[in-house]
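Residue-level structural notes
As a plain string of letters, each chain reads:
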Amino acid sequence: QRIADMDTIVKAVEETGLSPARTILRSLSYANGTLYFAGSSVKQKYVYGIDWEAEQEDFKKLTFIDGGAEFNTLKNGIYISEPVAAKLQARVHDDVLLELYSRTGQRNTQKFIVKGIIKDSSIFGFYKCFIDRTYLNQLSGMDTRECSSIGLFFENTDNLFEKSIKLHEALKGKLPLAQP
């Protein structure tokens, strides 16, 4: 899934006067990635491409087994879960190889440096990793401005459904939409 027409969405948010406190763009590669290190591999259910500038504060709140979120850029960095690190026997500062297939079926690989090992108790925690969104887009064959999802975060969470209806109405006829 990809959102290619970002300008239409940004314009609609501005026109509606919704004024989110922050906007987060993410890309996702689903059931398409494998991490390699020292002769071992772990299939990843989710490879998330994150916008570090917008999400760094959120990552600082996570529980880290090693490493953390105290650096300026994620560029060639990767966050992996504790079980993945254990299976790969990878530690912070190790280079891991991420392999995934592009939207057109091309096999792509990229080396990343482990910036942090996250304790994740969610059901899919074992199967996910986080890299910079522009890197994931390049590996997936997406433009660097594209994304898979857009999150609008509001200081005032009253009337969220009404806010979603307002945005939906502003986008109707401009983009394919699901029901709100």
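Residues numbered from 1 in each chain as written. Predicted model: local features only at pLDDT ≥ 70, side-chain atom pairs only at ≥ 80, totals over all residues. Heavy atoms only, no water.

Re the overall build of the protein chain
- Within the protein chain, the regular secondary structure consists of five helices and eight strands.
- In terms of C-alpha radius of gyration, the protein chain reaches 18 Å, essentially the compact-globule figure of 16 Å for 180 residues.
- By principal-axis analysis of the C-alpha atoms, the protein chain measures approximately 50 × 35 × 30 Å.
- With 180 residues in all, the protein chain has 44% of them scored as buried.
- By sequence separation, contacts in the protein chain at least 24 residues apart represent 69% of the contacts at least 6 residues apart. (Helix = DSSP H or I, 4+ residues; strand = E, 2+ residues; numbered from the N terminus. Rg over C-alpha atoms; globule rule 2.2 N^0.38 Å. Buried < 20%, exposed > 50% of the residue type's maximum accessible area, 1.4 Å probe, protein only. Contact = heavy atoms within 4.5 Å.)

Examining the pairing of strand β6 (residues 107-118)
- Bridge count for strand β3 (residues 64-67) against β6 is three bridges, and the pairing is antiparallel. Across the sheet, Gly67 pairs through a bridge with Gly116, a residue of β6.
- Here five bridges tie strand β4 (residues 77-81) to β6, and the two strands are oriented parallel to one another. If you follow Ser81 over to β6, its bridge partner there is Ile118.
- Hairpin connection between strand β5 (residues 95-101) and β6: a loop of five residues separates the two successive antiparallel strands, and Gly105 in this loop has a positive phi of roughly 95 degrees. (Pairing = 2+ DSSP bridges.)

Looking at the packing of aromatic side chains
- Applying the stated criterion to the full structure yields 11 aromatic pairs.
- An aromatic cluster of at least three residues, connected via ring pairs, comprises Tyr30, Tyr46, Tyr48, Trp52, Phe59, Phe64, Phe71, Tyr79 and Phe130.
- Sitting over the ring of Phe71, Lys115 keeps its end group 4.7 Å from the ring centre.
- Seen from the ring of Phe154, Lys163 lies directly overhead, with NZ or CZ sitting 4.5 Å from the centre. (Phe/Tyr/Trp six-rings, centres within 6.5 Å; stacked < 30°, edge-to-face > 60°. Lys NZ or Arg CZ within 6 Å of the ring centre and 35° of its normal.)

Observations regarding the side chain of Asn108
- Position of Asn108 among the secondary structure elements: in strand β6.
- Excluding anything up to four places from it in sequence, Asn108 contacts Leu98, Glu99, Leu100, Ser102 and Leu139.

Remarks on the pairing of β4
- Burial within β4 is extensive, with five of its five residues counted as buried.
- By the alternation rule, side chains of β4 split into Gly77, Tyr79 and Ser81 and Ile78 and Ile80, which are all buried.
- Two elements, β4 and strand β7 (residues 128-132), share three bridges in a ladder whose sense is antiparallel. Looking at the pairing, Ile80 lines up with Cys129 of β7.

Quick word on the packing of helix α1 (residues 6-16) against helix α5 (residues 160-171)
- Direction vectors running N to C along α1 and α5 enclose 125 degrees, while the axes themselves pass 9 Å from each other. Taken together, the axes of α1 and α5 lie oblique to each other. Between α1 and α5 lies a crossing whose hand is right-handed. Residues Thr8, Ile9, Ala12, Val13 and Thr16 of α1 pack against Lys166, Leu167, Ala170 and Leu171 of α5.
- When the residues that make up the contact of α1 with α5 are grouped by side-chain class, the tally is six nonpolar, two polar and one charged. (Axes fitted to C-alpha atoms, helices over the stretch in contact; angles between N-to-C directions. Parallel < 35°, antiparallel > 145°, perpendicular 65-115°, else oblique. Left-handed = near helix turned anticlockwise from the far one by under 90°. Nonpolar A, V, L, I, M, F, W, Y, C, P; charged D, E, K, R; others polar.)

Focus: the environment of Gly39
- Inspection of the secondary structure puts Gly39 in the loop between β1 (22-37) and β2 (40-50).
- Separated by 49 residues in the primary sequence, Gly39 and Leu88 place their C-alpha atoms 8.2 Å from one another.

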